[in-house]
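Structural characterization, general
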Amino acid sequence: MARKWFRQMKTSIVLVQAFARMVLATKEARHRKWSAAAIIIQSTWRMASTKWSVWKCYLAMKESAAVIQRAYRRYRVRKLMKGEMAAEAALRIQAFGRAATARRKHRQSVEGVTQLQAMYRGKKAREQVEPELEKARLERSAMTAASAAAAAAAAAAAASPPPEPQPT
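The model shown is predicted, which means the values in this text are computed figures rather than measured ones.

**Some words on the overall build of the protein chain**
- Helix and strand counts for the protein chain stand at 1 helix and 0 strands.
- Scaling as 2.2 N^0.38, a compact globule of 168 residues should have a C-alpha radius of gyration of about 15 Å, whereas the protein chain reaches 69 Å, well beyond that.
- Seen along its three principal axes, the alpha-carbon backbone of the protein chain occupies a region of about 240 × 25 × 15 Å.
- Scored against the burial criterion, the 168 residues of the protein chain give a buried share of 1%.
- When the accessible surface of the protein chain is totalled, it reaches about 15800 Å², and 67% of it is carbon and sulfur.
- Side-chain charges of the protein chain comprise 33 positive and 11 negative groups, with the mean position of each set lying 53 Å from the other.

In structure tokens form, the structure reads like this:
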């Protein structure tokens, strides 16, 4: 009887231990399952948050690159505008110089043409007046000759004794 009781007790103890091991194994299996799920959730979260961080970093770098590109483009435009303004200023200065030279040449040519016209008109006027002047010179010389002859006659008359009166 004591043996029977011992065997029953031993069997009961083994059953209780088996049940306890089964409960512990079930708990541990559930814990492993939950741990695995937690690890998957955590790794997914880390991946997503890292991906989001990397994405935010990428967007920040992209924005930084855009800011740098904008600044560089503005610099290039300013530099180009400055160069264009210098080139435009140089062109204006050159145009002003060319215009001044053209005005001077035109003024000189107008003065030359005016002189030529004056010379031509003077020649034409002299050609028209020349016969009249020649005529006037001849008349003057004739008058001068006549007055010289009259003066000579007067001088001769004055130098000669008065003519004797003629009998009438």
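So that's the structure; there's more coming.
**Some words on the pattern of salt bridges**
- Applying the stated criterion to the full structure yields 6 salt bridges.
- With a shortest N-O distance of 3.2 Å, Arg-92 and Glu-88 are connected by a salt bridge. Of the two residues, Arg-92 and Glu-88 both sit in helix α1 (residues 2–159), 4 residues apart, roughly one turn of that helix.
- Residue Glu-88 is classed as partly exposed on the basis of its relative accessible area of 42%.

**Comments concerning the packing of aromatic side chains**
- Taken as a whole and judged by the stated rule, the model has 2 aromatic pairs.
- A centroid spacing of 5.4 Å and a plane angle of 35 degrees characterise the contact between Trp-55 and Tyr-58, whose relative ring orientation is tilted. Of this pair, Trp-55 and Tyr-58 both sit in helix α1, 3 residues apart, which is roughly one turn of that helix.
- For Trp-55, a relative accessible area of 43% gives the class partly exposed.
- An angle of 35 degrees between the planes, with centres 6.2 Å apart, marks the rings of Tyr-72 and Tyr-75 as tilted. On the criterion of helical spacing, the pair formed by Tyr-72 and Tyr-75 is a turn pair, its members being 3 residues apart in helix α1.
- A relative accessible area of 46% means that Tyr-72 is categorised as partly exposed.

Quick notes on the rules
- Residues numbered from 1 in each chain as written.
- Predicted model: local features only at pLDDT ≥ 70, side-chain atom pairs only at ≥ 80, totals over all residues.
- Heavy atoms only, no water.
- Helix = DSSP H or I, 4+ residues; strand = E, 2+ residues; numbered from the N terminus.
- Rg over C-alpha atoms; globule rule 2.2 N^0.38 Å.
- Buried < 20%, exposed > 50% of the residue type's maximum accessible area, 1.4 Å probe, protein only.
- Areas by Shrake-Rupley, 256 points an atom, 1.4 Å probe, with all protein chains shown as cover.
- Lys, Arg positive; Asp, Glu negative; His and termini not counted.
- Charge placed at Lys NZ, Arg CZ, Asp CG, Glu CD.
- Salt bridge = Lys/Arg side-chain N within 4 Å of Asp/Glu carboxyl O.
- Phe/Tyr/Trp six-rings, centres within 6.5 Å; stacked < 30°, edge-to-face > 60°.

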